[in-house]
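Architecture at a glance
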Amino acid sequence: MKLSQIIRKMLTGSYWTIAILSLLSVILIGIAAYTIKLTEQFFDALTNSNHHYSFIIQLIVIMLLLKLTQLCMEQLRQYLEQKMSIQMNRLLEYQLIDLIHLKTVTKLETPQYQNDFNFLKSTFFSISSLIITFIHFAHQIILFMTYSIILINYMWYIPIIVSIYCLPHFLNEIKISKLNHSYTENTSQLTREKLMMFETLVRPLAQKELLIFQSKSFFLRKWDKVSLKSIKWEISHQKKIYIKRLLFAIIEPLGFVIIQILLVRSLIASELSIGQYIAITTAVTMLQSALFAIGQYFGRVKQTFLTSRQLQQFMEKYFPLSLTGQAHDRKLASPIEEIMIKNLTFQYPTTNRYVLKHINLNIKAGHCISIVGENGSGKSTLGKILIGLYDVAPGALYINDTDINEIDHLSLIRQMTMVSQDFVRYPISLEENIILNSPSEESNKNLLELSEKYPELFPEEVSKETILGWEFTGSRQLSGGQWQKIAIARALYKNSPFLLLDEATSALDPETEQSIMNSIVKNRKRAGQTTLFITHRMQICQMADYIIVLHNGEIAESGTHQELIQAGGRYYRMFATTQDNNEVNNSGENQLQGTVSAQFAAQS
Ligand SMILES: Nc1ncnc2c1ncn2[C@@H]1O[C@H](COP(=O)(O)OP(=O)(O)OP(=O)(O)O)[C@@H](O)[C@H]1O
């Protein structure tokens, strides 16, 4: 996405507004120039001993009418600019959303991305004022030229003197906009920190914990610290700008005094009339402010171009390729038959240690695989790698014998689904939460089929049109487990060849969990679809054809449930622990437990 493309999109539909704004600009310049002429005539008429009152009154009326016209036009201009800016902001929001077309999330889950995106967001909207800035910029340049021509007609050297003494201030304004730009960039993290602490203190969801843990004062202190730091930086930045402006502002009165000396000399020598003297003084002041405004607008235009360069860099850094990748990428036309991992080693961009080491794995279509292991052993990382969410080195992951890096990502993602631990709870209707689209006849049919296959996933008392959550009036909040069921239903609705369930049933009661997992595994196997589930519930592991035990990022052992139990290793110990707990909890009533105890007995 280039700035020129964004501007072209913003211009579409705004041509008439821009034309009217330009016309208003021209008229306002004409009024300003004519007012100078009238000022001269007015004061000359006043100081003339044979003044005609009717002429003076005539001048007053004309000046009044001009002022009124000017006021009305200014108001109209402001309204049109506001209207254009509102419309363009919406367009920019759209563009900002559109430019995030990620292929993998590897670089996105980093503080650097958050900082870069926050900075881009805060400067991105300056693009909306670019067109208006251009109109103002052109307006001020024409104004500057108009006043210069007026002044040249009186005394040719005056515009030159004004330009010379205003030049440092003009250049300073350009420098200040650059300074503002880098300030926003450097404070991106601090701004985010401050906002996050503020959100922690005021967000309705956070109030529960603030109350229970009485942690308000703790977070208040944190917010206070970061907000003081931010204020300190802001004030020091503003002070720098203020001093810079002040230093250059001192030159202006000196220049103005020189002009006044020249004018008064001409006045005394009767080379100028009083009217001309006042007209020149007014025009000089106007010329000065036009020059400063040019400096400011020029700075803003430059700032937008800096943003444009940043936008380009941001895109190259985070979204180098669109989802559809490069032309030579192969489309994954046939369903996933096999996923093969060869000596995979993985490290997150923010850490310098390997989270996964020397992983070798072969997953065949239609199988059900389970990954177990202690917290932080790398289960979720491996799961996300398998479905293509993280970048891996070439030669490490093959889908149907093709290196994942050579596969068109969109065609790959179409065949993958996951239910993650941090699934999204959309504040939209229940059916929209599942189909993630506008309901249609086809979606109704598919949803009905899904509800017949998995009745446990649909809360009986909630209609499919009910808006979920507590964000909006009339919505209905679900329990944690019910939300999890909706997330599972969403993944099953996609009905893709590969499904990753990452602790997807952790909030369900054991009976429902067992029943849902049974149906999922059975139905998907029958359809030849692959299911991979990550869990800490050892009981449901038995449903898997194959179990992988991860320890410190490495495959500690793998095999069927029976094989692993017989091996008496890590899996056996994990299983035995949960069985022991269940024995205590259920007083040995569980039949499953009985069989496993028998297996343990056989082992020992
Ligand atoms: N986005 C990330 N950036 C950096 N490190 C990460 C990221 N996500 C996870 N890690 C680290 O990678 C390691 C493995 O994490 P992972 O989430 O894969 O473990 P897990 O086995 O799924 O754990 P759990 O059972 O607790 O869900 C952990 O040490 C974790 O700190």
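I will try to describe carefully the structure that is included in this document. (Residues numbered from 1 in each chain as written. Predicted model: local features only at pLDDT ≥ 70, side-chain atom pairs only at ≥ 80, totals over all residues. Heavy atoms only, no water.)

**Notes on the pattern of salt bridges**
Note the threshold: What counts as a salt bridge is simple: a side-chain nitrogen of Lys or Arg found within 4 Å of a carboxyl oxygen of Asp or Glu. Counting from the N terminus, the helices are the DSSP runs of H or I reaching at least four residues and the strands are the DSSP runs of E reaching at least two.
All told, the structure shown has 10 salt bridges when counted by the stated rule. Residue Lys 317 is joined to Asp 116 by a salt bridge in which the shortest nitrogen-to-oxygen separation is 3.0 Å. Within this pair, whereas Lys 317 is found in helix H11 (residues 274-318), its partner Asp 116 is found in helix H4 (residues 111-124), the two being separated by 201 residues in sequence. Across the salt bridge formed by Arg 537 and Glu 513, the nearest N and O atoms sit 2.3 Å from each other.

**Comments concerning the nonpolar core**
Rule in force here: Definition used in this section: a nonpolar core is a set of buried Ala, Val, Leu, Ile, Met, Phe, Trp, Tyr and Cys residues joined via side-chain atoms within 4.5 Å. Each residue's exposure class comes from its accessible area (1.4 Å probe, protein chains only) as a fraction of the maximum for that residue type: buried when under 20%, exposed when over 50%, partly exposed otherwise. Note on contacts: a residue pair is in contact if any heavy atoms of the two residues lie within 4.5 Å.
Ile 434 and Tyr 571 are the most contacted members of the largest nonpolar core, which totals 44 residues. At eight residues, helix H16 (residues 480-494) tops the list of elements feeding residues into this core. Among all residues touching Ile 434, those that are not within four sequence positions of it are Leu 447, Leu 450, Phe 458, Ile 486, Ala 489, Arg 490 and Tyr 493. Of all hydrophobic cores here, the second largest spans 33 residues; its members include Ile 336, Ile 369, Ile 371 and Ile 534.

**Here's the deal with the pairing of strand S9 (residues 546-551)**
A regular strand carries its side chains on alternate faces of the sheet. We apply this condition: Strand pairing is defined by DSSP finding a minimum of two bridges between the two strands.
When strand S3 (residues 368-373) meets S9, the two strands line up parallel, connected through five bridges. By the bridge assignment, Gly 373 is partnered in S9 with Leu 550. Hairpin connection from S9 to strand S10 (residues 554-559): two residues lie between these consecutive antiparallel strands, with Asn 552 at a positive phi of about 50°.

**Considerations on the site of the ligand**
What counts is decided by this rule: For this purpose, a residue is taken to be near a molecule or strand whenever a single non-hydrogen atom of the residue falls within 4 Å of it. Side-chain atoms alone can form a polar contact between residues adjacent in sequence; in general such a contact is a pair of N or O atoms within 3.5 Å, and within protein one must be able to donate a hydrogen while the other accepts it. All accessibility values rest on the Shrake-Rupley procedure with a 1.4 Å probe; residue burial counts only the protein chains present in the view. Residues are sorted three ways: Asp, Glu, Lys and Arg are charged, Ala, Val, Leu, Ile, Met, Phe, Trp, Tyr, Cys and Pro are nonpolar, and all the rest, Gly among them, are polar.
As a matter of local geometry, the ligand sits amid 16 residues, with Arg 353, Gly 376, Lys 379, Ser 380 and Thr 381 nearest to it. At a separation of 2.9 Å, an oxygen atom of the ligand approaches a polar side-chain atom of Asn 375. The contact in question runs from an oxygen atom of the ligand to an N or O atom on the side chain of Thr 381, over 2.4 Å. Taken by itself the ligand offers 630 Å² of open surface, and the protein chains cover 71% of this. When the residues that make up the shell around the ligand are grouped by side-chain class, the tally is two nonpolar, nine polar and five charged.

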